[in-house]
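Structural description and commentary
Here's the letter readout for the chains.
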Amino acid sequence: MNQHERRTEDYFENGERFATSVKEMYDELENAGFFKNHPQLFLTGLAIGIITGRKSGKQADTDIIKVDTYASSDPYGVFPVYLLAENEGITQKELARLMESYADGGVEYLYEEYKDTSEIDFSDLLRLAKK
Amino acid sequence: MRLTGITVQNFGPYYGKHVIKFDKIDADRRIWLFQGLTGAGKTSLFLALIWALYGEDGVKEFTKRTNAERRRTIDLICKKAKDEGRPNMAVELYFEHQGENCTLIRRVVPKRPQIQSTQDIDVTVSFSRSGTEEEFPEEKISEILPRDASQFFFFDGEQVRRYAEPSSNETKEALENILGIPVIKAARDNIQYVLTDINRDITDIKNKNPSDEDIASWIRAVQIKELEVKNIEEKIRSLKSELSTKEQEREDISSRLANMEVVKLSMEKIKHLENLVKSNDESIDYERQKKRELRDDLPFVLIRDSFETVISNFKQKRGEDDIRKIKYTLEIKLKFLEDVLKNGICICGNSVYEAEKSAIQTRIDDCKNQIRNIDQKLAVVTIPSSEELNTAYAFIVGKKVNFEEIDSRIAKLELENANYQKEIKRLRDEVKSSNIEEVAKLEIKIEELESDISNLKVEISVQQRQRDDDIRTIEKVKTSIARAQSYSPIVNSLLEQWRYGEKIENALEYIINKLIPEKKKLIEIAASEALRNMLRKSMWTGIKIEDDFGIRTISQVGYSDDYVGSAGENEIVALSFILGLTRAADREAPIVTDFLFGRLDEEYRDSIIETLPSFSNQVIVFKIQNGELTDSQTEKLRKLCAGEFEIKYDENTQTSSIRRIS
């Protein structure tokens, strides 16, 4: 890693955690077998939140994953880098809150689809991203 | 502590060095008498002793008690020595303590010959025991004779009366100080403070975490859930056993059907098709599993197109104008310019002209400003660099999910299965329509069995899901219990600390409650004895120290309501009290008194002279020459003396001198 390159942990304070306002949706989607754990759902929710532009308006109040757990899934900070490029000049605290808000938006989107159809069509999500 | 010598140099009226030696004392002769006229230098010698032991603070305290002018160290230096520009003042004390020879030297070290203020001098102290210099001399002296306690060993006869005043605050403080009560009370207060702290920590931990009752109820809930899981597993086993029986029964009937010549061919085909369906089902499960595993990469594939757009816009906006690159370039430029300026040689090898130097310096400052601005910006916000963007993009390019391929494979397999099922149904219908009664019966039986099997499978699946949910819940609650219980060792350790602290607090409380009354009793006994010896009035038989530390004299009919005595009587009562106090204090130190006989009538002086040897193993008395005592009393005192010194003041030289006269 050269002097300009950074990994995900570098964007956040040591020991920081991402929180959620939709913990019950996490439990239900994981119990239904669509996702194996919180980090997988958080990351998918984050991606869907960003591509659909959906942010949750609720206050995230329940810790959901540690930053270093998140970083093991996204070591080069794809999502932090994306959000920093799109929102130039934001602080690291603001970045963390933005990620939580998009992730909750994305999880809500998945949950609604699951409630409507009892299914989540992942191929549909890919088609949605292509649009 | 027993003084063996004092050397005074340039202290007060004592110009130059003056040496006083206290020889070994006989048991009967323990008094050292210093006599001099008023203003000869007796009090100065007294102050020299106090200054050597406790420095300027000790002198200030003593002069405060005696209402004398408070003196700083600089005011104590001999005027003549100061005028001559040699203001080197020193007092050396030589004494025996616990069988060891000790030397204490306090010295003024002038920073310049002519001294005007405290800033012009330094004061040094050294303390040696058996020839070895020790660290922290002030603390060592405090261990031998604390400053608070010293007021009962070094006192002015005129001023001691205050101890005899009823409920005197000074008496209370004095008593507590000499018994070390403030130290014990401070220790107790500290312990109480620590205990309050520990209590607060325990309460904090308990408030922030679930209560023991909560944890117990969770444990009970887990036990109930585990029992439920056990029951469900039992039920699953029974359902599976039923399923296995039904499947076996269906298999048997199918075999019987297959062996019937008329439907044999159809039954074989059905069997073959069922195997194909089973195999396809397994493939579908495998593909779905693969799809689930690919979900880790899904978010990166989902974001890829959007990422490309945003990053490309960002790069377009910034171009290669990466803020860190600019900083890096500026740093190189700065280093180059600084080298040029430092070596005085420009890039072509020519010397830099003086006139060019200021221009280079301006460019250096400019570079530094720009770097500072970038640093300030980077400290506030985060701006991704080109490298970060490229690394992140390279990472997501490597991520792929072939959901469509998997979906198409699943769809193909499902289509095949649908066709197989259709064919199976057609063949079964064919078998049914064979119009053979037995075949029809068996077919109906197979249908019933298949319906039962299907229901059983659904029921098993429902029960398995319930069991898995319950197991997950149990795991979660167990994790919470483990986390909550992990606080218990911390609480236990704090409770242990609290118990130890409480023991110490109780011990200190015990000392305060027991030691003080016991010591008070000792003081009362010793003081009463001294009072009876010194005071001839038979109306008072002893001294009582009240709970509020007021002193009362005891008469033959009980102790008086309020003690009111003459100034002389007060002095006798106070001296008795001091005598009691010094004995109860378990400290061995010389008693040094000034103007002890001043206010007393002849009768009391006699009794004090007689009692003096019992004050301490060394008593140093400063007395006005040809004053305070009658000739016969002076003679009586001399007989008890180990040695006698005369202090004289020379008007011409305005200095004092000390001479041993016996």
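Residues numbered from 1 in each chain as written. Chains lettered and ligands numbered in written order. Predicted model: local features only at pLDDT ≥ 70, side-chain atom pairs only at ≥ 80, totals over all residues. Heavy atoms only, no water.

This brings us to the overall build of chain A. Summing up its helical and strand segments, chain A has six helices and two strands in all. Secondary structure of chain A in N-to-C order comes out as β-α-α-β-α-α-α-α. Expressed as a percentage of its 131 residues, the buried residues of chain A come to 54%. Long-range contacts, defined here as pairs at least 24 residues apart, represent 78% of the contacts in chain A between residues at least 6 apart. As presented, chain A carries roughly 5800 Å² of accessible surface, and 42% of it is formed by carbon and sulfur atoms. (Helix = DSSP H or I, 4+ residues; strand = E, 2+ residues; numbered from the N terminus. Buried < 20%, exposed > 50% of the residue type's maximum accessible area, 1.4 Å probe, protein only. Contact = heavy atoms within 4.5 Å. Areas by Shrake-Rupley, 256 points an atom, 1.4 Å probe, with all protein chains shown as cover.)

Attention shifts here to the interface of chain B and chain A. Contacts between the two partners involve 39 residues from chain B, matched on the other side by 41 residues from chain A. Regarding the contact of chain B and chain A, the summed buried area is about 3600 Å², with carbon and sulfur atoms giving 63% of it. On the chain B side of the contact with chain A, Arg295(B), Leu302(B) and Thr382(B) bury the most area, a combined 19% of that side's loss. For the pair chain B and chain A, the number of links is two salt bridges. Its salt-bridge partner being Asp296(B), residue Lys36(A) comes within 3.1 Å of it at the nearest N-O pair. Our enumeration of links across chain B and chain A arrives at six residue pairs in polar contact (both at pLDDT 80 or more). Elements represented by at least two residues in the side of chain B that touches chain A include exactly helix 9 (264-293), helix 10 (298-318), helix 11 (323-343), helix 13 (386-397), helix 14 (403-432) and helix 15 (437-485) of chain B. Here the residues of the side of chain B that touches chain A are counted per class, giving 21 nonpolar, four polar and 14 charged. (Buried area = accessible area lost by both parts, 1.4 Å probe. Salt bridge = Lys/Arg side-chain N within 4 Å of Asp/Glu carboxyl O. Polar contact = N/O pair within 3.5 Å; in protein donor to acceptor, adjacent residues only side chain to side chain. Nonpolar A, V, L, I, M, F, W, Y, C, P; charged D, E, K, R; others polar.)

Before going further, it helps to spend a moment on the sheet that holds strand 8 (residues 154-156) of chain B. Residue and element names in this part refer to chain B. The six strands are arranged 8-12-13-3-14-15 in an open sheet whose pairing can be described as mixed. Edge positions in the open sheet fall to strand 8 and strand 15 (655-660), since each of these has one partner strand only. Mean inter-strand twist for the sheet, computed between neighbouring axes without regard to direction, equals 20°. Its contacts with the sheet put helix 1 (residues 42-65) on strand 3 (31-36), strand 8, strand 12 (591-594), strand 13 (619-624), strand 14 (641-650) and strand 15, and the angle it makes with strand 8 is roughly 115°. Each of strand 3, strand 13 and strand 14 is contacted by helix 19 (residues 631-640), which is oriented at about 120° to strand 14, the strand it contacts most. (Pairing = 2+ DSSP bridges. Axes fitted to C-alpha atoms, helices over the stretch in contact; angles between N-to-C directions.)

Within the largest apolar cluster, 99 residues are counted, with the highest numbers of intra-cluster contacts made by Phe34(B), Leu93(B), Phe95(B), Phe154(B) and Leu612(B). Residue contributions to this core peak at 12 residues, all from helix 1 of chain B. Other than its neighbours up to four places away in sequence, Phe34(B) contacts Ile20(B), Phe22(B), Lys42(B), Leu45(B), Ile620(B), Val621(B), Phe622(B), Lys623(B), Phe645(B), Ile647(B) and Ile658(B). Core analysis: the next-biggest nonpolar cluster, separate from the first, contains 70 residues, Tyr82(A), Val340(B), Cys367(B) and Ile371(B) among them. (Core = buried A, V, L, I, M, F, W, Y, C linked by side-chain atoms within 4.5 Å.)

Glancing now at the sheet that holds strand 1 (residues 2-11) of chain B. Residues and elements named next belong to chain B. Taken in spatial order, the six strands make up an open sheet running 2-1-4-5-6-7, and their pairing is antiparallel. The open sheet terminates on both sides in strands that have one partner only, identified here as strand 2 (14-21) and strand 7 (132-134). For this sheet, the mean inter-axis angle between neighbouring strands, taken without regard to orientation, is 20°. Lying over the sheet, helix 1 contacts strand 1, strand 2, strand 4 (90-97), strand 5 (100-110) and strand 6 (121-129), oriented at roughly 100° with respect to strand 5. The strands touched by helix 4 (residues 137-144) are strand 4, strand 5, strand 6 and strand 7; relative to strand 6, the strand with the most contacts, the crossing angle is about 55°.

A probe matching the size of a water molecule, rolled over the atoms, marks out where space remains unfilled. Residues and elements named next belong to chain B. Size it by volume and the largest pocket reaches roughly 940 Å³. In terms of lining, the largest pocket is formed by 29 residues, of which the most central are Arg 250, Glu 274, Lys 278, Glu 450 and Lys 457. For the lining of the largest pocket, the elements supplying multiple residues, two or more each, are helix 8 (212-258), helix 9, helix 14 and helix 15. Considering each element in turn, the lining of the largest pocket owes the most residues, 12 residues, to helix 9. (1 Å grid on protein atoms, 1.4 Å probe; cavity = no way out; pocket = protein on both sides within 12 Å on 5 of 7 lines; lining within 4 Å. Points joined across faces, edges and corners; volume = space filled by probe spheres on them.)

Interpretation in functional terms is not warranted from these geometric data alone.
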